[in-house]
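# Summary of structural features
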Amino acid sequence: MSNHVRVRFAPSPTGPLHMGGVRTALYNYLFAVKNGGEFILRIEDTDQSRYVQGAEDYILNSLNWCGLKFNEGPHLNGDYGPYRQSERREIYKSHITKLIESGYAYYAFDSEKELDQMRTDLKQAGVQSPQYNQITRLNMKNSLTLNDEEVKNRLMNNESYVVRINMPRNQVIKFKDKIRGWVSFNTNNLDDKVLFKSDGMPTYHLANVIDDHLMKISHVIRGEEWLPSAPLHIFLYQCFGWERDMPEFAHLPLILNPEGDGKLSKRDGDRLGFPIFPIIWNNSENYTATEGYKEKGFLKEAFVNMLVFLGWNPGNTKEIYSLEELVDDFSLERVGKSGSRYNFEKTKWFNQQHLRLKSAKQILKNIKFPENKEEDYLLKVVDLVKERCVFYKDFLNESTYLFSPPESYEKEAVQKKWSTESVSHLLSIKTKLSLCDDFSKENLEIIFKNYLKSSNIGFGKAMPGLRISITGRMQGPSMFSIMNLLGKDEVLARIEKAIKELGNGEDNS
Ligand code: GLU
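Note that the structure is a prediction, hence the values are computed from the model and not measured.

What follows deals with empty space enclosed by the protein. Going through the model one piece at a time under the given rule, you end up with one cavity of 30 Å³ or more. The space that makes up the largest cavity amounts to roughly 30 Å³. What lines the largest cavity is Ile429, Leu433, Leu444, Ile447, Phe448, Leu466, Phe480 and Met483. Those elements giving two or more residues to the lining of the largest cavity turn out to be α16 (420–434), α17 (441–455) and α19 (479–486). A per-element tally of the lining of the largest cavity places α17 first, with three residues. For the lining of the largest cavity, the class distribution of residues is eight nonpolar, no polar and no charged.

Each pair of packed helices can be described by the angle between their axes along with the distance between the axes. The contact between α16 and α17 brings their axes to 11 Å, and the two run at 135 degrees. By the angle class used here, α16 and α17 are oblique. The handedness of the crossing between α16 and α17 comes out as right-handed. Across from His425, Ser428, Ile429, Lys432 and Leu433 in α16, the residues of α17 making contact are Leu444, Ile447, Phe448 and Tyr451. When the residues that make up the contact of α16 with α17 are grouped by side-chain class, the tally is six nonpolar, two polar and one charged.

To continue, consider the side chain of Glu44. By the secondary structure assignment, Glu44 is in the loop between β2 (38–41) and α2 (55–66). Looking at Glu44, its side chain comes within polar contact range of the side chain of Arg42, at 2.8 Å.

Turning our eyes to something else, we now look at helix α3 (residues 89–101). Along its 13 residues, α3 runs 19 Å from first to last C-alpha, staying within 8% of the 18 Å computed at 1.5 Å per residue. Of all the residues in α3, the buried ones are Tyr92, His95, Ile96 and Leu99. When α3 is viewed along its axis, its buried side chains cluster within an angular range of 100 degrees and face the same direction. The outward face of α3, more than 90 degrees from its buried face, is lined by the exposed residues Glu90 and Glu101.

Next up on the list: the site of the ligand. Looking at the ligand, the residues that line it are Arg8, Ala10, Ser12, Glu44, Tyr204, Asn208, Arg222 and Trp226. Between Glu44 and the ligand, the recorded distance is 2.7 Å, taken from a side-chain N or O atom to a nitrogen atom. Take Tyr204: an N or O atom from its side chain is 2.8 Å from an oxygen atom of the ligand. Protein chains shield 83% of the accessible area of the ligand, which is 300 Å² for the free molecule. For the shell around the ligand, a count of residues per class yields three nonpolar, two polar and three charged.

Residue position: Pro13 is located in the loop between β1 (6–9) and α1 (19–34). A C-alpha to C-alpha distance of 6.9 Å links Pro13 and Ile43, two positions 30 residues apart in sequence. Aside from chain neighbours lying at most four places away, what touches Pro13 is Ile43, Glu44, Asp45, Arg50, Tyr51, Val52, Ala55 and Glu56.

A few words now on unusual backbone geometry. Geometrically, the link from Gly81 to Pro82 is a cis peptide bond, its omega value of -5 degrees lying close to zero. Relative to the helices and strands, Pro82 resides in the loop between α2 and α3. Notably, Asn170 is not glycine yet its phi reads approximately 50 degrees, a positive angle. Mapped onto the elements of the fold, Asn170 is located in the loop between β4 (162–165) and β5 (172–177). Take Asn170: its relative accessible area is 53%, and that puts it in the exposed class.

Conventions used here
Residues numbered from 1 in each chain as written. Predicted model: local features only at pLDDT ≥ 70, side-chain atom pairs only at ≥ 80, totals over all residues. Heavy atoms only, no water. 1 Å grid on protein atoms, 1.4 Å probe; cavity = no way out; pocket = protein on both sides within 12 Å on 5 of 7 lines; lining within 4 Å. Points joined across faces, edges and corners; volume = space filled by probe spheres on them. Helix = DSSP H or I, 4+ residues; strand = E, 2+ residues; numbered from the N terminus. Nonpolar A, V, L, I, M, F, W, Y, C, P; charged D, E, K, R; others polar. Axes fitted to C-alpha atoms, helices over the stretch in contact; angles between N-to-C directions. Parallel < 35°, antiparallel > 145°, perpendicular 65-115°, else oblique. Left-handed = near helix turned anticlockwise from the far one by under 90°. Contact = heavy atoms within 4.5 Å. Polar contact = N/O pair within 3.5 Å; in protein donor to acceptor, adjacent residues only side chain to side chain. Expected span 1.5 Å × (residues − 1). Buried < 20%, exposed > 50% of the residue type's maximum accessible area, 1.4 Å probe, protein only. Arc of directions from axis to C-beta. Near = heavy atom within 4 Å. Areas by Shrake-Rupley, 256 points an atom, 1.4 Å probe, with all protein chains shown as cover.

And the structure:
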């Protein structure tokens, strides 16, 4: 194998790309960029019965949103195309012919009925999972049991057939997986998988191996569900005489549901209320649309950051990464063997962290604030409430009182904190504020603290009343910053309005 890194993401266009698929693409991308290699998109569309209109575009749009750019693929030029398997039929045909001629593969003419019968008979005889294999094939209709003449006649009469691998008995197939270490299989446990069908289409196994070889793929990085297929793939490399150019394999751990008791599925997302797709999927068959992370308000940086940690870690405590930083730190050696649990709360946390990294200007572009304020004011609003927001949409909710006086006052807050005592403090503070001309945060803080000191009371006696009267809420960012933004006239008017509407606290005392 040459040292030049070439990796591929090889989805089947059978529906929308699940976040697990995006993680596979992401790891391939990071590995390619880190090693100065190529990241290739190959569409594995040999199973026409499962082909779904729009799936290929969806895959491209999703990965594009995540910032994962391909170097080669059906939508780009490249020296190893075509990059859609349905456009490579001739290549597979010539290769399967070679395998048949060399005895590594054989024709099988068994009908569905005959195959079912074989399975039923074997089950009755106590075989738990019957297979078409080194033993059972001897009782079936194939070019190993039929004479040459008959095989020729069947082929000439265009009888439908499949081509199966001729898996040898009792051989050990071993390989060193980059994540799992040495893995070994005995061929006695492997069946004679179908490689090619009489409709001229290869199956996944054959097409995948031929393409990885012809496209000079150096590393196959894919989900753990493909591990059981790896020995067949390795055997195919041996049959073709390509062992020396065989790619290295890395089988990625599963992404588990939040309970950790199964593979993460769309059903888990529906059940627990989190997205499973990267972007919206418009199903053209039943005209339904399923929103993805993007539409739910997640930043692509946060989505990618969350995803990379479902299987990999940097070996230190750093958690917040940009895509560029991931390229620097990523390695397959730090991908674990065991499954990682998905955690929606953690995903939101990542979003919050990435939102905080954005400048007020960047954030402002994504929010539609009321139009009666200057940009300068809006930027201050953004900075003030930023820490309290997880999504862009939170900025509006978190800042309503910075645009107009509260229309109502949080009931619970009033019940708990609006009392004759707190109102009397509020009135005193109002007097102090009305005498003050410096409404800077610092000065407001000094005035307030001096008041606490001179009245010999704690923060909790005076602050909630002030906050309720100005914001209508129990919680929020620094009151000194809020008062500074609103200005003296507005602050005094709001305190008066609140006392008028809520009374002097006698009802709650
Ligand atoms: N077409 C396979 C899939 O849908 C690709 C598996 C592989 O990467 O070998 O996941």
